[in-house]
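Architecture and fold: a report
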Amino acid sequence: MNTLRLYTLTAALAASFAFTSLAQAAPAAPSAGRFAMVHHLPVDGVAEIVAATPDGMTLVYTSADAGVLGLIDITKPEQPVLLPRVNVRLMGVGEPTSVAISPDGRFAVVAVRLGDDVANARRGLVRVYDIRQPAAVKHVKDITVGIGPDSLALTGQGRTLRAVVAIEDEETDAEGDATLDGQRPGRIDVVGLQDLYGGASSGVQSIELVRALQAAPGVVYPNDPQPEFVAIDARTQQAVVSLQENNAVALIDLSHPTRARLERMFSTGTVTRNGNADLKKDKEVVFKDSFTARREADAVAWVAPGVFATANEGDGKKDKNGVLPGARGFTLMNTRGEVVYETGERTELHALVRGHYPDGRSVSKGVEVEAVAAGRFGSKPYLLVGSERGAFVEVYRVDDLKQPQFVQLLPTGMSPEGLTTVTQRRDGQQLFVTANEGDGSLNIYRFNSQASEPQLEARDAGMPWGALSGLSTDGTHLYAVPDNAFGQSRIFRIDPTDAAQGRLALDRVTLLTEADGNALKVDPEGIAKVADGFWIASEGKTVADNELIKVNMAGVVQQRVKLPASVQAKFASPKTSTGYEGVTASADGQTLYMAVQRGFDPAKPQAAILKLHLPTQTWTTALYPLDQHSKDAKKFWMGLSEIQLTDDGRLLLLERDKGGGEGQAIHAEVKRIYSVKAADVTEGATLTKTLVRDLRKDFSYLQEKAEGMVVFNGDLWVVNDNDGAGWTRWVNAGKP
């Protein structure tokens, strides 16, 4: 089998994807009407819900695990400043779940859970803070509300100010079951805050939901409302509250200044996708499956009077008829319960071609759209849609509610939970912000701004990609390998022609095969282009499993080279998992250099560099001194991720710690490129390294797995492994 093998698209999927108009969806990144990230900020703890003061100069976010309210000065969005955090716990107990800012910017109103669980019916609080001096916040008052307050939103202003609070009362038991048949049904509390401005408080009005829920067809748990998220339309004085597990929403009339009224409740229905979904966790992304799923919206947002958006995340279980939880996209729905627009497969297709589709979640809820926010940018209405599992925000223009116009997909930190818009700054800058729970970070984006870093997009939906772990080049194209996030190993070819315009194009995928035609399934971590093909460095689960694999241009294996016994014997343990992380070749293809993630003994602060002279099969080993994390060298251990040989005889090494990603962005400390002299790689030598670039310092590089590096047209490019879905960040670090 010696023909080029391409991963191709089925006819049905091609027809489906044509409807989404990829050509329209991915223009060459003009600045007008588009957003670009201006800062990625790590915080101590997690970041879940975020709000902004009306002047747009201060952000306030919740960190449930730390029990604090965080504040950030964004007078200069490119240079945000962390302010002192506010402890919202009461006698050591308290989990802030939501925050909203009064229209005059004086007060932050925070919903706080107080340790409730199935055996402890402890009521929660609304805590009010004076934030007029963001660096010196003052506690004002507490108001007791129902058990387990979740989302909170404000209506009115001054002497008409009230908070609408979703009292979820999850009642979660030891097995995580949060639907115990309404032993403690949740409700909606409307909290009077008029007294903050000298008026008479309307107190706490509790709106019970069980009776209305029991009468609503299509709900899942008629005795257990569990309200989740609140959004208020100031134009109509109407609130929409999602009842996520019940696949329903409640509409609340807030037009009376002191008494709210339950107006309507209805199921949000189901979505059916035919032949355009992936329901298998099999390390391959092919949209050919069908399903019907309940929307089960988490966040909701008003996009126009009488029309709201639902983030169809899902939170339940498959029912007896095979109906799934979560519709894997978003819906525009009117207050009569009619669907105005349904995204269907489009959100996941947008994710697929941009490397954000999480195959590991295919069998569950796919990209899990969890967050939505709406706002006017320029003179146009926009909808922002956040994916928890895909780590992205879709941007839509919603001039025409029946045909929203997809503008772009923006990467975020891990698991974006909260979105907020900032549109009324005196300096004219318009921003939106994501709070990312997974890595404890916030992303700040500016409207009408051009991206400084390109995004990689596949030419079509038949080329799913992700987990880029090694880079090489032939001078015209870039070549990348993903690790074992995919079932069959493969090589991606990337066209960098439009990099300056913010776009890299994945234009070919070569599937790798054994000589007998069977699929090659290894763990590629490095790639080196040579005249007649590629050398692939495959990381082994043990020392003996590390392997160099030569493939031709068609992806067919030509040669396999294992570590000789003499090199294996240098490792402290034959079962150690530290292995190949990169490979590079001399210009004549006769000599290979390999980077081993850590040294022969992982307990020592060293990595290993191996050299193989192919004609004589001569191996040489040298030691490379690793940096150490300043806070916890054991937890955030260091290793090499990539190696490249330059024309002037240097080996460039990409060195990084375990900070960032799931290790929290704030712990990302060492993401650095060093050089050593290739001539110094002699048997038993300890190499001397020279710093070439500090990616954390110079580029705020917070991604844990900085793993790919290549010199292309004289510039040093770096990319991270996104573990199969999420932000793949390409940085041009300049001349090496």
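Residues numbered from 1 in each chain as written. Predicted model: local features only at pLDDT ≥ 70, side-chain atom pairs only at ≥ 80, totals over all residues. Heavy atoms only, no water.

**Points about the overall build of the chain**
Put simply, the test is: Only DSSP runs of H or I covering at least 4 residues are called helices, and only runs of E covering at least 2 are called strands; the numbering of each starts at the N terminus. Restricting the calculation to C-alpha atoms gives the radius of gyration, and the globule rule supplies 2.2 Å times the number of residues raised to the power 0.38. The buried label applies to any residue whose accessible area, calculated with a 1.4 Å probe on protein chains only, is under 20% of its type's maximum; exposed applies above 50%, and partly exposed to all values in between. By definition, residues are in contact when any of their heavy atoms lie within 4.5 Å. Only the protein chains shown count as cover for residues, and all accessible areas are computed by the Shrake-Rupley method using a 1.4 Å probe.
When you go through the chain residue by residue, the secondary structure sums to 6 helices and 52 strands. Over its C-alpha atoms the chain spans a radius of gyration of 27 Å, differing by no more than 12% from the 27 Å that the globule rule assigns to 736 residues. Its C-alpha atoms put the chain at 90 × 55 × 50 Å along the principal axes. Here the chain holds 736 residues, and the buried ones make up 63% of them. Sequence separation of at least 24 residues holds for 55% of the intrachain contacts in the chain that already meet a minimum separation of 6. With an accessible surface of roughly 26,500 Å², the chain has 47% of that area assigned to carbon and sulfur atoms.

**Remarks on the packing of aromatic side chains**
Rules: Note on aromatic pairs: the rings of Phe, Tyr and Trp (six-membered ring only in Trp) are paired at centre separations within 6.5 Å, and the planes decide the class, stacked below 30 degrees, edge-to-face beyond 60, tilted for the rest.
By the definition in use, this model includes 17 aromatic pairs. With a centroid separation of 5.8 Å and 85 degrees between ring planes, the pair formed by Phe35 and Tyr382 is classed as edge-to-face. Residue Phe35 is found in strand S1 (residues 35–42), and its partner Tyr382 is found in strand S27 (residues 380–387); the two are separated by 347 residues along the sequence. We note that Phe35, like Tyr382, is buried. On the numbers, 5.0 Å between centres and 85 degrees between planes, the contact of Phe571 with Phe600 is edge-to-face. With Phe571 in the loop between helix H5 (565–568) and strand S42 (580–585) and Phe600 in the loop between strand S43 (591–596) and strand S44 (606–613), this residue pair connects regions lying 29 residues apart in the sequence. Phe600 shares its class with Phe571; the two are buried. The structure contains a cluster of three or more aromatic residues connected by ring pairs, namely Phe35, Phe377, Tyr382, Phe432, Tyr445 and Phe447.

**Re the nonpolar core**
Side chains that are nonpolar tend, in soluble globular proteins, to be buried together. Filter applied, for reference: Grouping buried Ala, Val, Leu, Ile, Met, Phe, Trp, Tyr and Cys residues that are joined through side-chain atoms within 4.5 Å yields what is termed a nonpolar core.
Ranked by internal contacts, the top residues of the largest apolar core, which has 50 residues, are Leu332, Leu383, Leu456, Leu468, Phe492, Leu506 and Trp730. Phe492 has contacts with Pro464, Trp465, Gly466, Leu468, Leu478, Tyr479, Ala480, Pro482, Phe486, Leu506, Arg508 and Val509, leaving out every residue within four places of it along the chain.

**A few points about the environment of Arg211**
Positionally, Arg211 belongs in helix H3 (residues 210–214). Accessibility expressed as a relative area gives 74% for Arg211, which makes it exposed.

**Topic: the sheet that holds strand S45 (residues 618–625)**
Defined as follows: Paired strands are those between which DSSP finds at least two bridges. For helices, the fitted line uses only the C-alpha atoms of the stretch in contact; every axis is such a line through C-alpha atoms, and the angle between N-to-C directions lies from 0 to 180 degrees.
Taken together, the 4 strands give an open sheet; going across it, the order is S42-S43-S44-S45, and neighbouring strands pair in antiparallel fashion. Strands at the two margins of the open sheet, each flanked by one partner only, are S42 and S45. In this sheet, neighbouring strand axes are inclined to one another by 20 degrees on average, regardless of whether the strands run parallel or antiparallel.

**Considering the side chain of Asn443**
Let me state the cut-off plainly: As used in this structure description, the phrase polar contact means that two N or O atoms lie within 3.5 Å; if the pair is within protein, one of them must be able to donate a hydrogen and the other to accept it, and residues adjacent in sequence are counted only when both atoms belong to side chains.
Its location among the elements puts Asn443 in strand S32 (residues 441–447). Owing to a relative accessible area of 0%, Asn443 belongs among the buried residues under this scheme. Among the polar contacts listed, one links the side chain of Asn443 to the backbone nitrogen of Gly413, at a separation of 2.9 Å. Here Asn443 is in contact with Met37, His39, His40, Pro411, Thr412, Gly413, Phe432, Val433, Thr434, Asn436 and Trp727, once residues within four sequence places are set aside.

**Looking at the pattern of salt bridges**
Counted only if it meets this: Basic side-chain nitrogens of Lys or Arg form a salt bridge, by our definition, when they fall within 4 Å of a carboxyl oxygen of Asp or Glu.
This model, assessed by the stated rule, comprises 42 salt bridges. With its nearest N and O atoms 3.9 Å apart, the salt bridge here joins Lys380 to Asp399. In this pair, Lys380 sits in strand S27 while Asp399 sits in the loop between strand S28 (392–397) and strand S29 (405–411), placing the two residues 19 residues apart along the sequence. The class of Lys380 is partly exposed, set by a relative accessible area of 33%. The exposure class of Asp399 is partly exposed, given its relative accessible area of 41%. In this structure, the salt-bridge partner of Glu683 is Lys570, at a minimum N-O distance of 3.1 Å. With a gap of 113 residues between them, Glu683 in the loop between strand S48 (671–677) and strand S49 (690–694) and Lys570 in the loop between H5 and S42 connect regions that are remote in the sequence. Taking the relative accessible area as the measure of exposure, Lys570 reaches 36% and is therefore partly exposed.

**Let's talk about empty space enclosed by the protein**
Rules: Cavity means a closed set of points on a 1 Å grid over the protein atoms alone, one where a 1.4 Å probe fits but cannot get out, pocket means an open set with protein on both sides within 12 Å along at least 5 of 7 lines, and lining means a residue has an atom within 4 Å of a point. Grid points are joined across faces, edges and corners, and a volume is the space filled by probe spheres set on the points. Gly falls in the polar group here, along with every residue not listed as nonpolar (Ala, Val, Leu, Ile, Met, Phe, Trp, Tyr, Cys, Pro) or charged (Asp, Glu, Lys, Arg).
Counted under the stated rule, the structure contains 1 cavity of 30 Å³ or more. The computed volume of the largest cavity comes to approximately 50 Å³. For the lining of the largest cavity, a count of residues per class yields 4 nonpolar, 3 polar and 1 charged.

**Thoughts on the layout of surface pockets**
Here the second largest pocket is characterised by a volume of approximately 860 Å³. Around the second largest pocket sit 38 residues that line it, and Met414, Asn722, Asp723, Gly724 and Ala725 are the ones nearest its centre. Taken together, the residues that form the lining of the second largest pocket break down as 13 nonpolar, 13 polar and 12 charged.

**What to know about the pairing of strand S34 (residues 468–473)**
With 5 of its 6 residues buried, S34 lies for the most part within the structure. In this structure, the hairpin formed by S34 and strand S35 (residues 478–482) is closed by a connection of 4 residues, where Gly475 is found at a positive phi of approximately 95 degrees.

**Points about the side chain of Asn722**
With respect to the helices and strands, the residue Asn722 is situated in the loop between strand S51 (715–720) and strand S52 (730–732). What makes Asn722 buried here is its relative accessible area of 7%. Within the local environment of Asn722, its side chain forms a polar contact with the backbone oxygen of Gly355, the two atoms lying 2.9 Å apart. When near neighbours in sequence (up to four residues on either side) are disregarded, Asn722 contacts Gly355, Gly466, Ala467, Trp727 and Thr728.

**With respect to helix H4 (residues 346–353)**
Residues spaced three or four apart along an α-helix face the same direction, because each turn holds 3.6 residues. Summarising burial for H4: 8 of the 8 residues are buried, a large majority. Listing the buried residues of H4 in full gives Arg346, Thr347, Glu348, Leu349, His350, Ala351, Leu352 and Val353. Just downstream of H4 lies Gly355, where phi reads positive at about 75 degrees.

**A word on the environment of Lys575**
With respect to the helices, strands and loops of the structure, Lys575 is situated in the loop between H5 and S42. Classification of Lys575 as exposed rests on a relative accessible area of 70%. Spatially, the C-alpha atoms of Lys575 and Gly540 are 10.0 Å apart, while their sequence positions differ by 35 residues. Residue contacts for Lys575: discarding those within four places in its chain leaves Lys541 and Thr542.

**Let's talk about the sheet that holds strand S23 (residues 324–325)**
Strand order across the open sheet formed by 3 strands is S19-S20-S23, with mixed pairing between neighbours. The outermost strands of the open sheet, each flanked by one partner alone, are strand S19 (270–277) and S23. Here S19 pairs with strand S20 (residues 289–294) via 5 bridges, running antiparallel. Following the sheet pairing, Thr272 is matched in S20 by Thr292.

**Digging into the confidence of the model for the chain**
The predicted structure's coordinates, where accompanied by low pLDDT, should not be read in detail. Defined as follows: Per-residue confidence from the prediction method is given by pLDDT, with values spanning 0 to 100.
Of the residues in the chain, 95% reach a pLDDT of 70 or more, and the chain-wide mean stands at 94. Of the regions scoring below 50 in pLDDT, residues 1–30 engages in 64 contacts with residues more than four places distant in sequence or in other chains.

**A word on unusual backbone geometry**
One non-glycine residue with positive phi stands out, namely Asp169, at about 45 degrees. Summarising the element assignment, Asp169 is placed in the loop between strand S12 (162–167) and strand S13 (187–192). Phi at Glu296 takes a positive value of approximately 45 degrees, unusual for a residue other than glycine. Structurally, the position occupied by Glu296 is in the loop between S20 and strand S21 (300–304).

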